[in-house]
Every structure is written in structure tokens, then in C-alpha cells.
Amino acid sequence: MTAEDFVKDLEQRNQEILRRLAPDSTLKPEVEGDLNVVNLLKVALRNEVEATEIAARWLVTTAEVDVKMAFARQVGDEAKHYRMIADRLRELGFDARSFDPIAKGYGPLFQYLDTLRTTVERVAAGQFTREAIAVVKNRQFIEFCERARDAATATLYRDVIEPDEYFHHQLGRSLLLRHAVTPEAQALARRAAARTLELAEELQAAALRTAGVHHAPGC
Ligand SMILES: [Fe+2]
Ligand SMILES: [Fe+2]
């Protein structure tokens, strides 16, 4: 398969599963109790730390300069998101300076990504797939913020964070086009993308079951 055909095929496979994570119009988010913008933004902080750190780890252990620099760009963007979300939390009355979003350790998706050793797996899982998931989750979250009448948080996500996450997904696409050129590389990339989606689905189901959370923003 050419790299172009491969990426097209991977995109189609991903989209089929992503539709299952997409907004469900029958879900009526509750804005009271634990499910509110502040608590969801705390989940977002955790996602941003994990996204920053996985890209940073890969940046120093990737040989190809184009991929290295793509990870570097992502590190900067995710760290910027962290700061912007922390600023928004302060406006909402929560001081994030004394908050450690990874006090309970890294999540299962981070731990899986951290096991990936090849460039094509990293790019397929961490950028092409994880960032496509982020776009879906952020669109859900924007909708949630609008229903909660939090226009400032919705705008932050719509104007800055979501476009950045989409750009990370596109970085993944262009790197796959360049590097997923052998049957072996394509098989590795396909497997890593599938596992990432599987974990995202499991995590979403668990969050829904245990905390009623179905609108946590992605990264
Ligand atoms: Fe991202
Ligand atoms: Fe981010």
C-alpha cells in the first residue's frame, strides 16, 4: 500500500470508532454536582501534562529530525494549553498553582504510549489518533460549556485549543505520509492507532460509569 492509501485507510478506520465517541444528542449533561466546568478543566490539566510529557519524552528519543521538531512543537503547544487553562481556572475561582493534576499517577493511555519505541507507532498513536480523539472531545466540551453558559471557556477551546489539537493531528498525518512507507511500518502504525482508540473508549466508558463524566476535554 502506498503511504497515501495507508493514511486514507487509517483515517477511515479511526473515524468509524470516533463516531462512537462523538456527541450524543440524547445525553443531557448535568451542570450541577461534580460535573461542572471547573472539574472538567481539572481533568483537562491532567491531559495537558500527559500530552506535554509524552511528546517531550519522544522528542529526545526520536532520531528523525522532522519528527523530533514536530514533537517539540507539540510540547510547546500543550504547555501553553496548560497555562491558559490554569488562568481560566483562576478566573473561575480555582487556584491551580497548588494543584497537582498527576498526583494519582499517569493514566493508562500515557502508560501505553510510553511503551512505543518506533517513530511510526508514536506518530500514529500519539499524534494522528490521540489528537483526532481530542478534536472530538473538545467539540463535546465546547457544547457543554455553552449549555453551562460559560462563553469564555467555550471561546478558549474554540479559538485556541481545538485548532492546535487539530494541527497536531495534521502533523501526524504528514509524518505518516513520509514515514509509514513499508508494510512493516504500516502494520505497526495500524496496531498502535487501534490500541489508542480502544484505550480511549475504555477510559471514556469508565469515566461515565464512575463519575458520570462524558464531556472531559481532550488534548
Ligand atoms: Fe495536542
Ligand atoms: Fe493540548
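Criteria and thresholds
Residues numbered from 1 in each chain as written. Chains lettered and ligands numbered in written order. Predicted model: local features only at pLDDT ≥ 70, side-chain atom pairs only at ≥ 80, totals over all residues. Heavy atoms only, no water. Donors = N, O, S within 2.8 Å, 3.2 Å for Na, K, Ca; no water. Helix = DSSP H or I, 4+ residues; strand = E, 2+ residues; numbered from the N terminus. Buried < 20%, exposed > 50% of the residue type's maximum accessible area, 1.4 Å probe, protein only. Tetrahedral: all angles 85-135°; square planar, octahedral: opposite > 155°, others 65-115°. Axes fitted to C-alpha atoms, helices over the stretch in contact; angles between N-to-C directions. Parallel < 35°, antiparallel > 145°, perpendicular 65-115°, else oblique. Left-handed = near helix turned anticlockwise from the far one by under 90°. Phe/Tyr/Trp six-rings, centres within 6.5 Å; stacked < 30°, edge-to-face > 60°. Lys NZ or Arg CZ within 6 Å of the ring centre and 35° of its normal. Contact = heavy atoms within 4.5 Å. pLDDT = per-residue confidence, 0-100.

Chemist: Just checking my understanding: could you explain the coordination of the iron ion (ligand 1) for this structure?
Modeler: Reference values for angles at a metal are 109.5 degrees in the four-donor tetrahedral case and 90 or 180 degrees in the six-donor octahedral case. Coordination of the iron ion (ligand 1) by the protein involves E78 (OE), E131 (OE), E131 (OE), E165 (OE) and H168 (ND1), with metal-donor separations of 1.9 to 2.5 Å. Sequence spacing of the donor residues for the iron ion (ligand 1), all on one chain, is E-x52-E-x33-E-x2-H. Between the iron ion (ligand 1) and the iron ion (ligand 2) the interatomic distance amounts to 3.9 Å, and E78 serves as a bridging ligand to the pair. Of this pair, E165 and H168 both sit in helix α6 (residues 151-179), three residues apart, which is roughly one turn of the helix. Across the pair, exposure class does not vary: E165 and H168 are buried alike.

Chemist: Honestly, the coordination of the iron ion (ligand 2) in this entry has me stumped. Any pointers?
Modeler: At the metal site, the iron ion (ligand 2) is ligated by E48 (OE), E48 (OE), E78 (OE), H81 (ND1), E165 (OE) and C219 (SG), and these contacts range over 1.9 to 2.8 Å. Each of the six donor atoms bound to the iron ion (ligand 2) contributes to angles spanning 50 to 162 degrees, and the resulting shape is irregular. Of note, the iron ion (ligand 2) draws all its donor residues from one chain, in the sequence arrangement E-x29-E-x2-H-x83-E-x53-C. A residue is classified by how much of its surface remains accessible, and E165, at 0% relative accessible area, is buried.

Chemist: Whenever I open this one, the packing of helix α5 (residues 119-147) against α6 confuses me. Can you help?
Modeler: For any two helices packed against each other, one specifies the inter-axial angle together with the distance between the axes. Where α5 contacts α6, the axes come no closer than 8 Å and their chain directions differ by 160 degrees. In this view, α5 runs roughly antiparallel relative to α6, as classed from their interaxial angle. Like other packed secondary-structure pairs, α5 and α6 cross with a definite hand, here left-handed.

Chemist: Any chance you could explain the packing of aromatic side chains here in plain terms?
Modeler: Each aromatic ring pair is described using two quantities: the centre-to-centre distance and the angle formed by the ring planes. Using the criterion set out here, one finds five aromatic pairs in the structure. Both rings, one in F94 and one in F99, keep their centres 5.5 Å apart while their planes meet at 80 degrees; by these two values the pair is edge-to-face. Relative to Y157, the ring of F141 has its centre 4.9 Å away and its plane inclined at 75 degrees; by these criteria the two rings are edge-to-face. Here the residue F141 occupies a position in helix α5, and Y157 occupies one in helix α6, the gap between them amounting to 16 residues. Its relative accessible area of 0% is what places F141 among the buried residues. Chaining the aromatic ring pairs together yields one cluster made of F141, F144 and Y157. Taking the ring centre of F99 as reference, the NZ or CZ of K42 above it sits at 5.8 Å. Cation over ring: R57 sits above Y106, and NZ or CZ is 5.8 Å from the ring centre.

Chemist: It is not clear to me how the environment of R158 should be interpreted in this structure. Could you clarify?
Modeler: Considering the arrangement of structural elements, one finds R158 in helix α6. It is 33 Å that separates the C-alpha atoms of R158 and L188, two residues lying 30 residues apart in sequence. Look past the residues within four positions of R158 in its chain and what remains in contact with it is I142, E146 and P163.

Chemist: Just to check I follow, could you spell out the confidence of the model for the chain for this structure?
Modeler: Should the pLDDT be low somewhere, the predicted coordinates at that spot are not to be read in detail. Averaged over all residues, the pLDDT of the chain is 92; the fraction at 70 or higher stands at 94%. Within the model, the stretch residues 25-33 combines pLDDT values under 50 with eleven contacts to residues more than four positions away or in other chains.

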